[in-house]
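Fold and geometry: a report
Letter by letter, the chains look like this.
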Amino acid sequence: MRGKIVIDTNNYYPQRDGHVAELDDESTTVSELLQAHLPESHVVKAFNNIYFEHLLGLARPSGSEDRSALAIAGDDEGAKKTVADLLDDLGYDTVDAGPLAEGWRYQRDTAAYGTPYTEGWGPRT
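Residues numbered from 1 in each chain as written. Predicted model: local features only at pLDDT ≥ 70, side-chain atom pairs only at ≥ 80, totals over all residues. Heavy atoms only, no water.

Here we look at the overall build of the chain
- A tally of helices and strands in the chain yields 5 helices and 4 strands.
- If you list the helices and strands of the chain from N to C, you get β-α-α-α-β-α-β-α-β.
- Across the 125 residues of the chain, 35% fall into the buried class.
- When the accessible surface of the chain is split by element, carbon and sulfur atoms take 53% of a total near 7400 Å². (Helix = DSSP H or I, 4+ residues; strand = E, 2+ residues; numbered from the N terminus. Buried < 20%, exposed > 50% of the residue type's maximum accessible area, 1.4 Å probe, protein only. Areas by Shrake-Rupley, 256 points an atom, 1.4 Å probe, with all protein chains shown as cover.)

Comments concerning unusual backbone geometry
- In this model, Glu26 sits at a positive phi of 60 degrees, which is unusual for a non-glycine residue.
- By the secondary structure assignment, Glu26 is in the loop between α2 (21-24) and α3 (30-37).
- Of note in this structure, Phe47 is not a glycine but carries a positive phi near 65 degrees.
- Within the secondary structure, Phe47 sits in the loop between β2 (42-45) and α4 (52-58).
- Among the residues examined, Phe47 registers a relative accessible area of 18% and is labelled buried.

Considerations on α3
- Along α3, the positions that sit buried rather than exposed are Val30, Ser31 and Gln35. Across the axial projection of α3, the buried residues extend over an arc of 135 degrees, all falling on one side. Residues of α3 that are exposed and angled more than 90 degrees away from the buried face: Ala36 and His37.
- Considering only its buried residues, α3 is in contact with β1 (5-8), α2 and β2. (Arc of directions from axis to C-beta. Contact = heavy atoms within 4.5 Å.)

Below, the structure written as structure tokens:
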């Protein structure tokens, strides 16, 4: 994985994954922990806050008024640009949440986790 972009889609659920002290005490994020395990890769957090079945149904062409946006976070601007381009190709705009440390803003138990893409939310049903 050296030099490769790794898209982190992980979500930490202690009841499923077992407890990880650094995540439980919020001294790091899931993506920062992954980056520590892959120090020569470029980790970008994406796709973790949308249900997989919504990916196809919510995709829209670039410029569409009802196009959804997906959040990304990463420490490498070039890697984030590559992931943003991929999202655009897949039918999504991008919201850059900043560095990996800010990825907590759209993880489990936050308002941005899944809620914007669920049935009945916003203009789509």
